[in-house]
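Structural characterization, general
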Amino acid sequence: MATIFEKLFKNSGTKERQICLVGEPNTGKSTLANRFSRDFTGKKEDVSPVSPIPHETVEITKLEHFDFQVGKKKLDVTLVDTPGIAQSIDYREFMKHGLTQNEAIQRAKDATGGIINSIKYLKEVDLALVVMDSTRPPFDQVSLTLLGTLESHNTKTIIVANKTDLTDANVELIKSTFPHIPVCPISALNGKGVEDLYQQIAAIA
Amino acid sequence: MMLEFITARKIKNLDSSELIDFIIDRVMDDKILLMEKTFTPEEKLDLLTKGLTNAQTKTSKGINMVQIPIETKTSGKLRSKTTQIQFNLFAPGTSQIDQQEDGHYCVKSWDGKIHATV
């Protein structure tokens, strides 16, 4: 009986938040989703597949209703890992990564569907974490369009400047390009800066 | 691939949806467009989505787009005026838009052949 009551009232009074990881392909969204999972649920297995091949995530993956507790702030968070958004997809790009032509064509079809679903999902989120690769210039059309759309929807947004473990990372360029949006530098791979990101989420969400 | 220049005047009577269809029809027809127009982020996202939706049924794979702001200066006897005009370059997803060191943009196909430079 006690267990039923515990389950029923576990999250009563705790605010529910949908936090979405969005951005271009291969910026480290899934690596960050897996870190959230390990840090807040204690699970060792990955929630999202990670690969150097672009568009590895072709479906929206959710880590549902976990206790996001940072300091005194506690939220009931559903984290949504979305497929990377690109303007166009060419199956020949996948063949460069060793996929056969048939596999590459299938991957291109799956990735296309994934992008369309990611875009549809943008309207439903409470907080968007726009994940960028700090080693790439931040002037791409996808990031500009995403940030503009989130701003026009009044969606709370944090830019996650990922891959700071790489020597050519340039977080200052991202900060100067988007001075009106909070930027949090992290390495999802080694965990550096992730605690600061959690603090920012707790403050904003 | 052929480059087509679309002035703001030519598209002034089209609403958002008609404009997006106008672009998609031409780009799917293997045209490169240079269009004088400022798009909202929602229009750009809509264009991206519809371009990719087409990609699922046709051989083309989305639409590549680059926004090119251009400043024009006019000088008069009393004062000079600076106006910013927004141009957008659209190309089929089977191609690539690269910015060159001199600031120009070129549209290349997969084999490296340059089809247009603006």
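All figures in this text were calculated on a predicted structure; none of them were measured in a lab.

Right, let's get into the overall build of chain A. Check the secondary structure of chain A and you find seven helices and six strands. Listing every helix and strand of chain A by position from the N terminus yields α-β-α-β-β-α-α-β-α-β-α-β-α. Over its C-alpha trace chain A gives a radius of gyration of 17 Å, about what one expects of a compact globule, namely 17 Å for 205 residues. Judged by the C-alpha coordinates and their principal axes, chain A covers about 55 × 40 × 35 Å. Within chain A, buried positions represent 38% of all 205 residues. Residue pairs in contact within chain A that sit at least 24 positions apart in sequence constitute 70% of those at least 6 positions apart.

Let us look at the sheet that holds strand β1 (residues 2-6) of chain B. Residue and element names in this part refer to chain B. Sheet architecture is open: four strands sit in the order β1-β2-β4-β3, paired in mixed fashion. Each edge of the open sheet carries a strand with a single partner, namely β1 and β3 (63-75). With direction set aside, neighbouring strand axes in the sheet form an average angle of 20°. Strand direction decides the pairing type here: β3 and strand β4 (residues 80-92), joined by 13 bridges, are antiparallel. Across the sheet, Ser 75 pairs through a bridge with Ser 80, a residue of β4. Across the sheet, helix α1 (residues 16-28) is in contact with β1, β2 (31-36), β3 and β4; its angle to β2 comes to roughly 150°.

A few words now on the pairing of strand β6 (residues 105-109) of chain B. Residue and element names in this part refer to chain B. Bridge count between strand β5 (residues 95-99) and β6: five bridges; the pairing is antiparallel. Considered in β6, the bridge of Gln 96 is made with Lys 108. Where β5 folds back on β6, the antiparallel hairpin that results is connected by five residues, among which Gly 103 adopts a positive phi of roughly 95°. As defined by bridge partners, β6 adjoins strand β7 (residues 114-117) across three bridges and the pair is classed as antiparallel. Note that in β7 the partner of Lys 108 across the bridge is Ile 114. The antiparallel hairpin formed by β6 and β7 contains four residues in its connecting segment, where Gly 112 sits at a positive phi of about 95°.

Contacts between the two partners involve 20 residues from chain B, matched on the other side by 16 residues from chain A. Broken down by secondary-structure element, the contributors of at least two residues to the side of chain B that touches chain A are α2 (41-55) and β3 of chain B. Looking at the side of chain B that touches chain A, the element that brings in the most residues is α2(B), giving nine residues. Residue composition of the side of chain B that touches chain A, by class: nine nonpolar, eight polar and three charged.

Turning next to the sheet that holds β5(B). One key point about sheets: their strands pair by backbone hydrogen bonds, in either a parallel or an antiparallel sense. Residue and element names in this part refer to chain B. Taken in spatial order, the three strands of this open sheet run β5-β6-β7, and their pairing is antiparallel. Unpaired on one side and paired on the other, β5 and β7 mark the two borders of the sheet. Within this sheet the neighbouring strands show an average axis-to-axis angle of 20°, counted without direction.

All names here are of chain A. Its location among the elements puts Arg 17 in strand β1 (residues 15-22). Given 18 C-beta atoms within a 10 Å radius, Arg 17 is considered partly exposed. Taking C-alpha positions, Arg 17 is 7.6 Å from Leu 127, a pair spaced 110 residues apart along the chain. With near-sequence residues (within four places) excluded, Arg 17 lies in contact with Leu 75, Val 77, Asp 126, Leu 127 and Ala 205.

We now examine the environment of Leu79(A). Residue and element names in this part refer to chain A. Mapped onto the secondary structure, Leu 79 falls in strand β3 (residues 73-81). For Leu 79, a count of 25 C-beta atoms within 10 Å corresponds to the buried category. Along the chain, Leu 79 and Arg 17 lie 62 residues apart, while their C-alpha atoms are 8.4 Å from each other. Setting aside its immediate chain neighbours within four residues, Leu 79 contacts Ile 19, Ala 33, Phe 36, Lys 62 and Leu 63.

Moving on, we get to unusual backbone geometry. In this structure, Asn154(A) takes a positive phi of about 60° despite not being glycine. With respect to the helices and strands, the residue Asn154(A) is situated in the loop between α5 (141-152) and β5 (156-162). A positive phi is found at Asp30(B), a non-glycine position, where the angle reads about 70°.

With that settled, consider helix α4 (residues 101-121) of chain A. Taking 1.5 Å of rise per residue, 21 residues should cover 30 Å, and α4(A) covers 30 Å from first to last C-alpha, within 8% of that figure. Listed in full, the buried residues belonging to α4(A) are Ala104(A), Arg107(A), Ala108(A), Ala111(A), Thr112(A), Gly114(A), Ile115(A), Ser118(A) and Ile119(A).

Core analysis: the largest hydrophobic core is formed by 62 residues, its most contacted members being Leu129(A), Val130(A), Val160(A) and Phe90(B). Among residues more than four places away in sequence, those in contact with Val160(A) are Leu32(A), Leu129(A), Val130(A), Val131(A), Met132(A), Cys184(A), Ile186(A) and Leu197(A).

What follows concerns the confidence of the model for chain B. Residue and element names in this part refer to chain B. Looking at chain B, the pLDDT average stands at 86 and 95% of residues meet or exceed 70. Highest mean pLDDT in chain B belongs to β2 (95); lowest belongs to β3 (84). As a predicted assembly, this complex carries a pTM of 0.85 together with an ipTM value of 0.78.

Cut-offs used in this document
- Residues numbered from 1 in each chain as written.
- Chains lettered and ligands numbered in written order.
- Predicted model: local features only at pLDDT ≥ 70, side-chain atom pairs only at ≥ 80, totals over all residues.
- Helix = DSSP H or I, 4+ residues; strand = E, 2+ residues; numbered from the N terminus.
- Rg over C-alpha atoms; globule rule 2.2 N^0.38 Å.
- Buried ≥ 20, exposed ≤ 12 C-beta atoms within 10 Å, placed from the backbone.
- Contact = placed C-beta atoms within 7 Å.
- Pairing = 2+ DSSP bridges.
- Axes fitted to C-alpha atoms, helices over the stretch in contact; angles between N-to-C directions.
- Nonpolar A, V, L, I, M, F, W, Y, C, P; charged D, E, K, R; others polar.
- Expected span 1.5 Å × (residues − 1).
- Core = buried A, V, L, I, M, F, W, Y, C linked by C-beta atoms within 7 Å.
- pLDDT = per-residue confidence, 0-100.

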